[in-house]
Protein chains: 4
Amino acid sequence: MNVQPPFFQTGATVAYGGADARSPLAFRWYDKDRIVRGRRMEDHLRFAVCYWHSFCWPGSDPFGGETFLRSWQHGDDAMAMARAKADVAFELFRLLDVPFFTFHDVDAAPEGATLKESVANLNAIADLFEQKMAAAKVRLLWGTANLFSHRRYMAGAATNPDPDVFTYAAGQVRAALEVTHRLGGANYVLWGGREGYETLLNTDLKRELDQLGRFVSLVVEHKHKIGFKGPLLIEPKPKEPTKHQYDFDVATCYGFLQRYDLLNDVKLNIEQNHAILAGHSFQHEVALAQALGVFGSLDINRGDDLLGWDTDQFAMNVPELALVFHELLKGGGFTTGGLNFDAKIRRQSIDPDDLLHAHVGSMDACARALLAADEMLAAGALTAPLTARYAGWDGEEGQAILAGRRSLADLADSALTSGLDPQPRSGRQEYLESVVNRYV
Amino acid sequence: MNVQPPFFQTGATVAYGGADARSPLAFRWYDKDRIVRGRRMEDHLRFAVCYWHSFCWPGSDPFGGETFLRSWQHGDDAMAMARAKADVAFELFRLLDVPFFTFHDVDAAPEGATLKESVANLNAIADLFEQKMAAAKVRLLWGTANLFSHRRYMAGAATNPDPDVFTYAAGQVRAALEVTHRLGGANYVLWGGREGYETLLNTDLKRELDQLGRFVSLVVEHKHKIGFKGPLLIEPKPKEPTKHQYDFDVATCYGFLQRYDLLNDVKLNIEQNHAILAGHSFQHEVALAQALGVFGSLDINRGDDLLGWDTDQFAMNVPELALVFHELLKGGGFTTGGLNFDAKIRRQSIDPDDLLHAHVGSMDACARALLAADEMLAAGALTAPLTARYAGWDGEEGQAILAGRRSLADLADSALTSGLDPQPRSGRQEYLESVVNRYV
Amino acid sequence: MNVQPPFFQTGATVAYGGADARSPLAFRWYDKDRIVRGRRMEDHLRFAVCYWHSFCWPGSDPFGGETFLRSWQHGDDAMAMARAKADVAFELFRLLDVPFFTFHDVDAAPEGATLKESVANLNAIADLFEQKMAAAKVRLLWGTANLFSHRRYMAGAATNPDPDVFTYAAGQVRAALEVTHRLGGANYVLWGGREGYETLLNTDLKRELDQLGRFVSLVVEHKHKIGFKGPLLIEPKPKEPTKHQYDFDVATCYGFLQRYDLLNDVKLNIEQNHAILAGHSFQHEVALAQALGVFGSLDINRGDDLLGWDTDQFAMNVPELALVFHELLKGGGFTTGGLNFDAKIRRQSIDPDDLLHAHVGSMDACARALLAADEMLAAGALTAPLTARYAGWDGEEGQAILAGRRSLADLADSALTSGLDPQPRSGRQEYLESVVNRYV
Amino acid sequence: MNVQPPFFQTGATVAYGGADARSPLAFRWYDKDRIVRGRRMEDHLRFAVCYWHSFCWPGSDPFGGETFLRSWQHGDDAMAMARAKADVAFELFRLLDVPFFTFHDVDAAPEGATLKESVANLNAIADLFEQKMAAAKVRLLWGTANLFSHRRYMAGAATNPDPDVFTYAAGQVRAALEVTHRLGGANYVLWGGREGYETLLNTDLKRELDQLGRFVSLVVEHKHKIGFKGPLLIEPKPKEPTKHQYDFDVATCYGFLQRYDLLNDVKLNIEQNHAILAGHSFQHEVALAQALGVFGSLDINRGDDLLGWDTDQFAMNVPELALVFHELLKGGGFTTGGLNFDAKIRRQSIDPDDLLHAHVGSMDACARALLAADEMLAAGALTAPLTARYAGWDGEEGQAILAGRRSLADLADSALTSGLDPQPRSGRQEYLESVVNRYV
Ligand SMILES: [Co+2]
Ligand SMILES: [Co+2]
Ligand SMILES: [Co+2]
Ligand SMILES: [Co+2]
Ligand SMILES: [Co+2]
Ligand SMILES: [Co+2]
Ligand SMILES: [Co+2]
Ligand SMILES: [Co+2]
């Protein structure tokens, strides 16, 4: 293992270059100090680079091995490799000037021969992170524990048929949560890795849901005990790696949180690619989470509409992002959440610069979408027609119905006696789509 | 309009003919008085013929018109046509010897020029049904109101932006519920027809969910007021006709019922085709509904795994049905629910006999699957390995965890100090699949 | 039947208003006389309004009836209704100032009691079209025959198990082709409506393919006989209305045209919604058709990425269209083809203005995408990197291989003796995606 | 590396035990010497165990590592590991008593530091295979070269932008083809691994198709040169690992083979999981390949209807298999092809016995399906109605049309003058589905 610093050919931080900038290493839209709705763009978007895709994944897929040949992924001294990886990671954070990063325990530090050793490794790297964060001013959006890669978790962690695996997972999560706490993490994430099933032939779904409810409750209790203030975040995903993941989508997670009385402490981390795998638009998942009061944070990436697996590509689609950010801004924007790049460069993108270009291009697409969303919102382009459309419900009778002051019989009698014959009004979908096209 | 009775060429009730019967008008597996787990097969399966597909649909699709040319669908006197339709319907019920049927208000009786007239028409046909039911001993599994075909409902019924539409729908539902009650219906169904959206550009999702919650609550109150004992059933469907239906799947409906405090009065009517459109197996939806305590009834049909719309074909797949009925029997079987044929013959199946062959073939497939499920259950073929797999959770420590007697720190400490290293055990999926193949 | 002209509230032709125009009845990008790559925009885009969606469809779907209540769709005198429909159609052509329209025989004129009557009706309306076209200067992009709506075609037209249906279809196609010819149509389309199957249980796929090959061959012969110069166009679609359509996608149609020796006379009409239903991007289908020499024309619309049926929405997605038009311009643009709006307003878009807004919005999106494509092409933004990427194949050895001057053994020996160890080069996908974002 | 023979706990060859056998290590339906349509079952089904899934895959997936911990996959001496793997493989062949196996070059022997070394390794293992095959009487169904796992192939092999990669691939294929030849392989397979694209932004689709055509032509020439008699087989797959694979489906491959004049020498190897990923039923792909004269062999496995990636599960679905084998038997059965288990046990199936149970269960499902297909065919259960349905085409006029003795005008005139009004006949789908249920 031998990192020849610098890994990246450029040493200059990517900066805003104006809309006509032609360099792939300049932002055309992301101008971090520009004020949008009273906040700096950086504080709106709260970008985070993730550790796993950008520094741990070697470019492999189910049909082929490593393509990237990163020096820090090869060697005999796992802790030295982890430190070299951290050097490259913080170099990328600096070049991109992002305010946040995110990591799993095993992304940052190698697993040891025992849980004890793993925890020790994690804490040693956390020491290093503390130093680097102090120097760099980059913050931790969230930390998490990987409860799905090791073979002990092949049948789930909290939902494993073997309670010993649940117990082992508890050990890993406590350590990851405490490290997240001491690094000042804004949130803690519980992604349900293999919490799901391959076949109902060997699965007791009801037991497993109860196990999962118990596990999340334990983490909530511990979070309070240690004084961690940020929310826990669970991340909806419908399938992959398991055939059926228990955290299928926003609606499913909401039902789960209600069932196990977790709504006060747990919010959702929503990912575009997971949304479409579940048959929903990204906008739907965000709007629903806001409607149900469980919106937390976003994994910003994109799936391929024609493929059935999680491609985790960098988000580049401005029209789609603009509608999502319109929902976000309507809801007041992020509190503890942010835009985490749960996105990986394609396995053919083997040059160091590809890592830069991908982040810069996607940050720019997000910035442009944010500006478009802000303009739409400021103009009431979509909100004014929406209010008009539902005006009847704001009237006296509408409010009486919603408030429970009308029974079914009241309404039925009223419809019968008045000879009610409501006339439909145009939904104006094409007009509204054209309006959006003025802004994006 | 001119029905030349009899519509069907045969006048003989289809009977059990033994496994070697070759006639398409004999059952090979459905032997209604055979006792399975202490119940007659008829009482297990509780088959219901549905009115809409079998007597109202003319064979049209989005690219073509009528193919069936049913005499009772042509004429000037709508009420006479409705009575002729009822004659054919009860003739089919008799030929198939099914214990139940189901209908929407507008399937049974024509809409009038006003709501008042529509309600009168419905009650007139209900009078006819009462007579025919008394004579035939066929019962009503459930009734429902069609809140989606008329243009007034193009933007939803309860979730319409116009409260007048909500009010009109209340008038229609009260009438349908009361007719269902006087006909002795075992359940009342609320399928969310167009309760969903086409585009979020013109939709306030949060308002609409609240409207829907209010509407279902009103129906619950009215049901109690009139003394209707059966449950209300909502029917999950993810899409079609709208792009996004609010009753997406079992998990979504469960969250909705919790949110609006409806779990005591409302259960689910689960359909195979809707399950797969939502990305779930039929078995999953049934198992989940049972786990969450919201299982009600089944719309028995099948979708095409390779098509993206609701094909509503007759269920013929014995291996799939056997696993579903295995879940059903594990849960104790139906209470008020049953197997409703929400299935239509293909539009090329234009002969009267096709209606018979479809029902007979599917009833037989269900019967055979029920027997297979019973045998698997009796042998513990799947249940014994399942219990063994989770045995750890039935032990002292597993129970202590589930009962909340262990904190995260307790478990973490235990894992650390014991040097816990849980070893995975085979999931044996292929073995279990082979076992199932012995029974189906 | 009683059309109160004018149907549309505005009488003014939609005109280019500049990028800042705010009226939904002004173009912001479509400036028909603007020269792009030496051609007027109008001549590049060759927009055609289609008859069926805009003037014949009543707003129904499988779960509900008419919503639009168009006056010309109601009445007793079918020919008078057809003439009234033509009035509205030509009014829309005028308001939009489109150069083309398209129609099926049965869109334009009512089916009669016999084929003879149907043909007479068609010719009578064609007389009316001739007059109107002369006055309006709108031209016919293509005509076609509807071989799928009537119940005689329920099992296909050319691929029907009954040769009488094939014969009837021949009668209908001859009339439609001849009408298209006399109206100066630029192409003639053969969409395979129900040329496919519902189940292989009742289908002889090999026979049906041969029938279809024969039918298209007959139309080719007839086209030559009457001197029709335009190409025939077949339109790939994978499914719907049948479970499996024989013209599945571009590659399938290409194999079919080769097999039946039709490559000289038949090209393809490619639709976005059909592309994605087949699992392909629109860009893929266009690029493949060009590579295989079968590119003809485009049905410009869009499907919903999350729905499994043909939604035929108006195309509004500029980034997607820009890449498609980039392929189109690389290939030299349209010859006889054009952009046909095989797109329907949503069934909730019940106002006359919705028809205008939909077309204007989509024409504008196309115009903007054309300009972006032109700029990318002029700058070599995508073409220059592509040429560089394949430079090796333009070298001596690459050309020798492609020309067949190297055997497998030659190459194998060369690889072995030279110790060849080719090094991969970055695919730069994220960089290229960011580049595209500069233009759209 | 240290294989403690025997890997499997049983040493006894699995044998036919009759339909009531309860042991998972007995066949209930597969009775290899039973005569079906004049052939032994073994000679009909021609089962082959594949090397890659069963002996090379460690149980990893994109979210987790090795679960199987096979001893022969760990060690320092790659050739010793390859020999140990061969011992286990031939032990499994013996236990299952299968007549065939299949392998990729890199499954059998480790890649060396150079192509030369790789070829030498392959030939050394081929020597070992020769000895073992002589002793065991197991034969080679086909061999193939892996042109997709190494990073040099990340952008394709024959379709790589770099001709050096094409050349390297030629070296690998020559060696694999020659080894297949000397081992008496019945076919040689060319699976298009990464012959496809990730994005059209960096892909010249037309160039790449020509490259692929050239490559396959070179292999055809070499096959003739060395006297290899079996066909080449290409294997349709629509996506994965690339976003778009050039060998999308049967129809696409057929068009490709026509275009590059390869129909005489190349047939298709069709896989169930690839069929459904392309939107086709397995039965469709088999029927189409037979209709087009390109049917070769089958990769027998199954995908998950609700997942969008290649799960390669063991085929267990008797009703589906019965219809496929019905097509197969109608076409005369296999010539050089067979049923290759391109199927992997789930990654939780970590016991040695799981490998046995999976193969035994699937062999049995195939055998049972073959018997059902034979019975249907013998009874004319499906073929007789099919012949009747198309009888019109066997009549004089039908034959005249197909033979080209009728012009479009002839037919049109005939339809007009006769007042032709063809009446549709029932497709009887539900009846036919019920008929199939009698046999499976
Ligand atoms: Co994520
Ligand atoms: Co993801
Ligand atoms: Co239903
Ligand atoms: Co349905
Ligand atoms: Co079209
Ligand atoms: Co379409
Ligand atoms: Co395969
Ligand atoms: Co596969």
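Residues numbered from 1 in each chain as written. Chains lettered and ligands numbered in written order. Predicted model: local features only at pLDDT ≥ 70, side-chain atom pairs only at ≥ 80, totals over all residues. Heavy atoms only, no water.

1. Examining the coordination of the cobalt ion (ligand 7)
All names here are of chain D. The cobalt ion (ligand 7) binds to the protein through Glu 235 (OE), Glu 271 (OE), Asp 299 (OD) and Asp 342 (OD); the donor distances cover 1.9 to 2.1 Å. With 4 donor atoms in place around the cobalt ion (ligand 7) and angles of 85 to 161° between them, the coordination shape is irregular. Summarised as a motif, the one-chain spacing of the donors to the cobalt ion (ligand 7) is E-x35-E-x27-D-x42-D. A separation of 4.3 Å is found between the cobalt ion (ligand 7) and the cobalt ion (ligand 8), which are bridged by Glu 271. Remark: Asp 342 occurs in the loop between β14 (339-341) and α12 (352-379) and Asp 299 occurs in strand β13 (residues 295-299); sequence separation between them is 43 residues. (Donors = N, O, S within 2.8 Å, 3.2 Å for Na, K, Ca; no water. Tetrahedral: all angles 85-135°; square planar, octahedral: opposite > 155°, others 65-115°. Helix = DSSP H or I, 4+ residues; strand = E, 2+ residues; numbered from the N terminus.)

2. With respect to the domain arrangement of chain A
As far as domains go, chain A holds domain 1 (15-379) and domain 2 (389-439). Each of domain 1 of chain A and domain 2 of chain A was reduced to a C-alpha centroid, and the two centroids are 40 Å apart. (Domains from an automatic or database assignment.)

3. Some details on the coordination of the cobalt ion (ligand 5)
Residues and elements named next belong to chain C. Taken together, the protein ligands of the cobalt ion (ligand 5) are Glu 235 (OE), Glu 271 (OE), Asp 299 (OD) and Asp 342 (OD), with distances of 1.9 to 2.1 Å. Each of the 4 donor atoms around the cobalt ion (ligand 5) contributes to a set of angles spanning 87 to 160°, which defines the coordination as irregular. Every donor residue of the cobalt ion (ligand 5) comes from the same chain, spaced as E-x35-E-x27-D-x42-D. In this structure, the cobalt ion (ligand 5) lies 4.3 Å away from the cobalt ion (ligand 6), the two metals sharing Glu 271 as a donor. Here Glu 271, found in strand β12 (residues 266-271), pairs with Asp 299, found in strand β13 (residues 295-299); they are 28 residues apart in sequence, far enough to count as distant. Judged by relative accessible area, Asp 299 falls into the buried class, the value being 0%. (Buried < 20%, exposed > 50% of the residue type's maximum accessible area, 1.4 Å probe, protein only.)

4. Topic: the UniProt feature "binding site: Mg(2+) 2" (unreviewed entry) in chain A
Residue and element names in this part refer to chain A. Here, the residues flagged by UniProt with the feature "binding site: Mg(2+) 2" (unreviewed entry) are Glu 271, His 274, Asp 310 and Asp 312. Taken together, the annotated residues stretch across 42 residues yet fold into one region, lying no more than 10.3 Å apart by C-alpha. If we skip the residues at most four places from it in the chain, His 274 touches Trp 191, Glu 235, Pro 236, Lys 237, Pro 238 and Asp 310. With respect to the helices, strands and loops of the structure, Asp 312 is situated in the loop between β13 (295-299) and α11 (318-330). (UniProt positions renumbered as here; feature names shortened; annotations may be inferred. Contact = heavy atoms within 4.5 Å.)

5. Overview of the relation of the copies chain A and chain B
Least-squares fitting of chain A to chain B yields an RMSD of 0.0 Å, with the transformation described by 0.0 Å of translation along the axis and a rotation of 180°. Each copy turns onto its partner about a two-fold axis. For chain A, the residue whose C-alpha comes nearest the rotation axis is A:Gly255, separated from it by 2.0 Å. Interface overlap between copies is the fraction of interface residues in one copy that are interface residues in the other; for chain A against chain B it reaches 100%, indicating a shared surface. (Least-squares fit on C-alpha atoms with pLDDT ≥ 70 in both.)

6. Concerning the interface of chain A and chain B
The partner chain B presents 88 residues to the 88 residues of chain A that form the contact. Considering only the surface of chain A that becomes buried against chain B, A:Leu201, A:Tyr390 and A:Leu408 emerge as the three largest contributors, covering 10% of it. On inspection of chain A and its partner chain B, the count reaches 6 salt bridges. The partner of A:Arg207 in a salt bridge is B:Asp394, with the nearest N and O atoms 3.1 Å apart. Taken together, the connections running from chain A to chain B amount to 30 residue pairs in polar contact (both at pLDDT 80 or more). Considering every element that reaches the side of chain A that touches chain B, the biggest residue donor is helix α7 (residues 205-226) of chain A, with 11 residues. When the residues that make up the side of chain A that touches chain B are grouped by side-chain class, the tally is 44 nonpolar, 23 polar and 21 charged. (Buried area = accessible area lost by both parts, 1.4 Å probe. Salt bridge = Lys/Arg side-chain N within 4 Å of Asp/Glu carboxyl O. Polar contact = N/O pair within 3.5 Å; in protein donor to acceptor, adjacent residues only side chain to side chain. Nonpolar A, V, L, I, M, F, W, Y, C, P; charged D, E, K, R; others polar.)

7. Overview of the sheet that holds strand β10 (residues 232-234) of chain D
Residue and element names in this part refer to chain D. Read around the barrel, 8 strands follow the order β5-β6-β7-β8-β10-β12-β13-β14 and close on themselves; strand pairing throughout is parallel. Here the strands of the sheet are splayed against their neighbours by 30° on average, with no regard to which way each runs. Pairing between β10 and strand β12 (residues 266-271): 3 bridges, direction parallel. What sits directly across from Leu 232, in β12, is Val 266. Sitting on the sheet, helix α5 (residues 115-136) is in contact with β6 (100-104) and β7 (139-144), with an inclination near 175° to β6. Across the sheet, helix α8 (residues 250-259) lies against β10 and β12, angled at about 165° from β12, the strand it touches most. (Pairing = 2+ DSSP bridges. Axes fitted to C-alpha atoms, helices over the stretch in contact; angles between N-to-C directions.)

8. Topic: the packing of helix α6 (residues 163-182) of chain A against helix α16 (residues 408-418) of chain B
Where α6(A) meets α16(B), the axes come as close as 7 Å, and the angle between the chain directions of the two elements is 105°. With respect to their mutual orientation, α6(A) and α16(B) come out roughly perpendicular. Of the residues in α16(B), those in contact with A:Phe166, A:Thr167, A:Tyr168, A:Ala170, A:Gly171 and A:Arg174 of α6(A) are B:Leu408, B:Ala409, B:Leu411, B:Ala412, B:Asp413, B:Ser414, B:Ala415 and B:Leu416. Considering only residue class, the contact of α6(A) with α16(B) consists of 9 nonpolar, 3 polar and 2 charged. (Parallel < 35°, antiparallel > 145°, perpendicular 65-115°, else oblique.)

9. Considerations on the pattern of salt bridges
Residue and element names in this part refer to chain A. Using the criterion set out here, one finds 96 salt bridges over all chains in the structure. Of the charged contacts, one joins Arg 40 and Asp 33 as a salt bridge, the two residues approaching to 2.7 Å between their closest N and O atoms. Residue Asp 33 is classed as partly exposed on the basis of its relative accessible area of 46%. Several salt bridges share partner residues, and in doing so they unite Asp 33, Arg 40, Glu 42 and Asp 43 into one network.

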